[in-house]
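# Analysis of the macromolecular model
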Amino acid sequence: MMLGKSLFGIYVIPFVLLVALTGLGVGYVAYNQVSDLSKEVTLKEFQKNNETVTSQLQIFLEAPKHVAEIQAQHLQSYSSPEEILQSATPKVMFSDLLRHQHVVSMQYADENNFSFALSKNVFNVPYSYAEIGIHPKMSTNAAVYSVDGAFNIDRTKPIVESSAYDVRVRPWYQTGIKSAVPLWTDVYAWIPETGEVGVDYVYPIGTAGKNYAVLTASLTLNSIKTFLNELLYVSPLSQIYILDADGDVVTGTDIVSVPTPNGEEFKQVHASESQSKYLKQVYADVKARGGLLDSLKTSYRETDIDGETYYYSITRYAEDSTLEWYVVSLLRANVVISKIQSTNQTMVFLSLGTILIAVVLAFLISQSIIRPVTHLNSAVRAFEREGVLALDEKVVDGPSEINLLANSFVTMADKIRGQIKTLEKQEDILTIENEKLSKTIESIGEAVIVLDKDLNVILMNKVAEKMTGNPMAFSKGKHFDDVCILEKPLSHSTRMPAFISRALETGAIQIEDDVYNVVSKRGAKIPAICLASPIFQEEGEVHGVVVVIRDITEEQQINRTKGDIVSIASHQLRTPLSIVKWNSELLLSNRTGDRITQRERTYIEEIANAISQMIELVDNLLRASQFELGVFRIKREELNVKEVIIQVVEFCKERCTRGNITMSLKIAKNAQKYTGDRELFAMIVQNLITNASKYSKDGGKVTISASMTDKHFVFEVKDEGIGIPEEEKKKLFTKLYRGTEARKVNPNGSGLGLYIVKLITEKVHGYIKVQSEVGVGSTFTVLLPKRGMK
Amino acid sequence: MSQKIVLIIEDEMPLARAVEVVLSDHNVSTVIITNGEEARTYLSKNTPALVVLDLLLPGIDGFAVLEYIRKELKNEELPVIVLTNYSEDSAMKRAKNLGVQGYIVKTDIDLKELPKLFTPYLK
């Protein structure tokens, strides 16, 4: 199967290639487009996420405020710490603490350094309760107990118990008590032992100007960091930091905070050097842009730090002028790019996957079509060989279109089979006919070659095979020229003779006068005469030609022998005739010593006349045999018609005319010249004139004329002689025939003269006719081809 | 008339003699040879003014004699007139190809006409 011309080659491969190329093209365009798009999308998303982060963080940071506010209102109704301790307030505060996940501690402190604190996850217990300060009911000045979820204080074993516990009221408690409004503390280490660092929201309790206590809600930096990290679910690519008013880092998603060794107030958070550096730069960048603007909330900025591009978004979080934090979301451009790259990689994989699937599908689809077609093809091949169309299930179960096609093939095969049967019947009939024909052709003694209209051999019989030396198996379908060489003995031309194609063109049987040589394969030359007969179709159109070639070797042999006999006989006859002729001439020549009497002279003259007649007879016999055998050549020269005729007439006057015969000669202007063989033309003229004068009556007139018609040179001799009876006219030109009246007039005629004239005229493609009336005269007309003798 | 000799090669003595007679009337000397072999011997030694040649000769025929003259003796000049009863075209053509000056069929001609045909070669 040629790949290039198969369905597979024409459709499937290009289709698959097209799909693949389209896929790649689309992939390439999409890759570029999506790269840009995804950058934009990523940054938009970043910006949007920041809004979420900011609002979430705000809620988070405000939680201590709300907790403190609610509890403070609760505490307002008490006038002393004792009252609070005896009330259910700590319990309420505890449940509130539990509700606020990130608020790690709530503390109550009065101006007398009495305080209690509720904490989550401090001192390595889930919940703890601390009583601090000197109180009359307290055994110790400071103790921390663990507490269960229902606020049952386990006083059996304090977690921390120390009389030496350095109970300090934080300075901002004092500040808070004095303050009219709640305030945030700076970052400090509120439990230095455990490294807990955080901020407190301080809420003054009491009437305005007369506060007696503060309530604080605490957030540790770790809890803020945890929350920020939770927020990373919202904005997964960025890092979130909180900076203070000086641009120092408070905390961040990837900041490790380390407490100061002495637990004193501090605000140093250990960021790594690079973190500090770029956060400082971001801060500087914000400052350089003229501070924080509202618009920054909804947009991002791009900045280069150490050759690396960052996108950041910054939000100011300020509370009552006591807390000024900046929430910074920072996105490294590299992260964006790698995200995009990974997106694109995914896309490329998807594209390639899609292309692959498309290619495989295309291949499978095409196979599902091609395979049944291929099977159909082999089925049809098998049909060609065996005549049975067997379709296997691969074809029948193929796609419905193929199935339809297959059914059409089956129907077609049935029809073809039917037609073949009909044809076979017809063929049987034809075979019988052909056999008859072949037998007929075989039984013909001549070589028969049947040619089609292109002159290629259709059929030839055994004789033709033998003659040409080419068997039928070789010859069939070959051009006549390649099978049978017909050569004219003198021309040696090996081209196919014109008569064969003439038969095709004219539709008339062509019988060749010329003798051809059939040159066999071995070079043997067989003399033959040929004819070509057109074969007609029913419509009357010529569609071939039958060439019949007759081997005339034997005939020629016979003729040659005959000719040799005639020629030798003629020669042998002539010799004694010439001896008698010349010696009688010598006798009559009256030389000295040969004196003869008048009577003797008469005798000798009669001998001489008889000898002359004899000589003429021998000449005519010799000529007739020559013409019969065709062993003479026709020369072509321009003849002066008048001159030839006059020469003949002169000759006749001497030899054969008798009595008073008038001869007249009429030659038409256009008949003065004629192309032909002088001797043959003279022979025609001589025989006709001799006859005319021989058989004329005494005083008769002989009219000789020559003229030219459209097709013929016409030579006519008219006499006023004895005439020819009607019934004898047909025999007139046969060999040795002599008319009854003629015999009476001239008993010594040979009966060869007109026969010779007829032989000559026919040889040169002319003919002779006679008009005659007994007692009135005869007219002999010879018509020769205008173009001359050939 | 000078003593030029006409060689008559003719196996039929009556014919040869008849020719000799008419030629002698015109004072032409003749030599008669009746076969081809003798003719060749003669021609190898003598050069006649004219050869009158019959074609059908016993033994070596007239054509062989003619070929001997033209090819072996290489004598293209010697006039040869064929006088024979052979009238076939083929013979006539062959003789002409060998360069004969005339071809006469004996029965076609009267004896008295011969000298007229020969004299042009005897001057």
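Residues numbered from 1 in each chain as written. Chains lettered and ligands numbered in written order. Predicted model: local features only at pLDDT ≥ 70, side-chain atom pairs only at ≥ 80, totals over all residues. Heavy atoms only, no water.

## Quick look at the interface of chain A and chain B
Operational definition: By definition, residues are in contact when any of their heavy atoms lie within 4.5 Å. Reported buried area values correspond to the accessible surface (1.4 Å probe) lost by two parts on association, with both partners' losses combined. Note on definitions: salt bridges are taken to be side-chain nitrogens of Lys or Arg within 4 Å of carboxyl oxygens of Asp or Glu. Helix and strand assignments come from DSSP, with helices taken as H or I runs of at least 4 residues and strands as E runs of at least 2, each series counted from the N terminus.
Taken together, the contacts link 20 residues of chain A with 27 residues of chain B. It is H571, R574 and W582 of chain A that lose the most area in chain A upon contact with chain B, and together they represent 33% of the buried surface on that side. Linking chain A with chain B are one salt bridge, by the criterion used here. When the shortest N-O distance is used, the salt bridge between K581 of chain A and D110 of chain B registers 3.0 Å. Taken together, the elements giving at least two residues each to the side of chain A that touches chain B come down to α14 (553–588) and α15 (598–629) of chain A. For the side of chain A that touches chain B, the element with the most residues is α14 of chain A, which contributes 12 residues.

## Let's talk about the pattern of salt bridges
Counted only if it meets this: Each residue is placed in one exposure class: buried if its accessible area under a 1.4 Å probe, protein chains only, is under 20% of its type's maximum, exposed if it is over 50%, and partly exposed if it falls in between.
Counted under the stated rule, the structure contains 15 salt bridges over all chains. The salt bridge involving D54 of chain B is made with K106 of chain B; its shortest N-O contact spans 3.3 Å. In this pair, D54 of chain B is assigned in the loop between β3 (50–53) and α3 (62–72) and K106 of chain B in the loop between β5 (102–105) and α5 (114–118), connecting sequence segments 52 residues apart. This pair shows no difference in class: D54 of chain B is buried, exactly as K106 of chain B is. The partner of E67 of chain B in a salt bridge is R94 of chain B, and the shortest N-O contact between them spans 3.8 Å. Placement of the pair is E67 of chain B in helix α3 and R94 of chain B in helix α4 (residues 89–97), with a sequence separation of 27 residues. One network of salt bridges, with partners in common, ties together E446, R550 and E555 of chain A.

## Observations concerning the nonpolar core
Residues and elements named next belong to chain A. Selection rule: In these notes, a set of buried Ala, Val, Leu, Ile, Met, Phe, Trp, Tyr and Cys residues joined through side-chain atoms within 4.5 Å is what counts as a nonpolar core.
In terms of nonpolar packing, the biggest core is built from 49 residues, with L57, Y108, L215, I224 and W325 touching the most fellow members. A per-element tally of this core places helix α1 (residues 7–76) first, with nine residues. When residues no more than four places from it in sequence are discounted, the contact partners of L57 are F227, L228, L231, I242 and V327. By size, the runner-up hydrophobic cluster in this structure holds 45 residues, among which are V641, V649, M708 and L752.

## A few points about the packing of aromatic side chains
Residues and elements named next belong to chain A. Selection rule: The criterion for an aromatic pair is that two Phe, Tyr or Trp rings (for Trp, the six-membered ring) have centres within 6.5 Å, with stacked assigned to planes under 30 degrees apart, edge-to-face to planes over 60 apart and tilted to the rest.
Within this structure, the stated rule accounts for nine aromatic pairs over all chains. Aromatic pair F681 and F713: ring centres 5.9 Å apart, planes at 65°, arrangement edge-to-face. Of this pair, F681 sits in helix α17 (residues 678–694) while F713 sits in strand β26 (residues 712–718), placing them 32 residues apart in sequence. With relative accessibility at 0%, the residue F681 sits in the buried group. For F713, a relative accessible area of 0% gives the class buried. Between the aromatic rings of F733 and F780, the centroid separation amounts to 6.3 Å while the plane-to-plane angle is 85°, which identifies the pairing as edge-to-face.

## Details of the pairing of strand β10 (residues 239–243) of chain A
Residues and elements named next belong to chain A. Rules: A pair of strands is labelled paired if DSSP reports no fewer than 2 bridges between them.
Most of β10 sits out of view: four of its five residues are buried. For β10 and strand β14 (residues 323–332), the ladder comprises five bridges, and the chain directions are antiparallel. Across the sheet, residue I242 finds its bridge partner in β14, namely V327. The pairing of β10 with strand β11 (residues 249–252) spans three bridges and is classified as antiparallel. Bridge pairing in β11 places I242 opposite T251. Linking two consecutive strands that pair antiparallel, namely β10 and β11, is a turn of five residues; a positive phi of about 90° is found at G247 within it.

## Focus: the pairing of strand β27 (residues 767–773) of chain A
Residues and elements named next belong to chain A. Where burial is concerned, the two faces of β27 differ: the one with I768, V770 and S772 is buried and the one with Y767, K769, Q771 and E773 is not. Bridge count for β27 against strand β28 (residues 777–785) is seven bridges, and the pairing is antiparallel. Each residue of the ladder has a partner; that of I768, found in β28, is V782. Connecting β27 to the antiparallel partner β28 that follows it, the hairpin turn spans three residues, and G775 within it adopts a positive phi of roughly 85°.

## So, the sheet that holds strand β1 (residues 5–9) of chain B
All names here are of chain B. Where we set the bar: Lines are fitted to the C-alpha atoms to define the axes, a helix being fitted only along its stretch in contact, and any angle between axes, read from their N-to-C directions, falls within 0 to 180 degrees.
Taken together, five strands build an open sheet; the order of strands is β2-β1-β3-β4-β5 and the sheet is parallel. Edge strands, defined here as strands with exactly one partner in the open sheet, are β2 (29–33) and β5. On average, each strand axis in the sheet is tilted by 20° relative to the strand beside it, whichever way the strands run.

## Let's talk about the side chain of K729 of chain A
Residues and elements named next belong to chain A. The cut-off we apply is this: N or O atoms within 3.5 Å of each other form a polar contact, as long as, within protein, one can give a hydrogen and the other can take it, and as long as residues adjacent in sequence are counted only when both atoms are side-chain atoms.
The residue K729 is located in helix α18 (residues 726–729) in this model. For K729, a relative accessible area of 15% corresponds to the buried category. At a separation of 3.0 Å, a polar atom in the side chain of K729 contacts the side chain of E726. Of the polar contacts made by the side chain of K729, one reaches the backbone oxygen of S772; its length is 3.3 Å. When near neighbours in sequence (up to four residues on either side) are disregarded, K729 contacts I724, V770 and S772.

## Quick notes on a positive patch on the surface
Test applied: Within this analysis, patches are made of residues with over 30% relative accessible area and no salt bridge. Like charges are joined at 9 Å or less; nonpolar side chains (Val, Leu, Ile, Met, Phe, Trp, Tyr) at 5 Å or less. Only the protein chains shown count as covering a residue, and every accessible area follows the Shrake-Rupley method with a 1.4 Å probe. Note that His is not counted, nor are the chain ends; the positive residues are Lys and Arg, and the negative ones are Asp and Glu. To locate a charge, take NZ of a lysine, CZ of an arginine, CG of an aspartate or CD of a glutamate.
Residues R633 and K635 of chain A together with K93 and K96 of chain B make up a contiguous surface patch of positive charge. Given the relative accessible area of 53%, R633 of chain A is considered exposed.

## Topic: the sheet that holds strand β23 (residues 662–667) of chain A
All names here are of chain A. Spatially, the five strands line up as an open sheet ordered β23-β25-β26-β28-β27, and their pairing is mixed. Looking along the sheet, the strands with just one partner apiece sit at the ends: β23 and β27. Geometrically, the sheet is characterised by an average inter-axis angle of 10° between neighbouring strands, direction not taken into account. Against the sheet, α17 makes contact with β23, β25 (701–708), β26, β27 and β28, and its axis sits at roughly 25° relative to β26, the strand it touches most.

Keep in mind that these numbers describe shape and distance, not what the molecule does.
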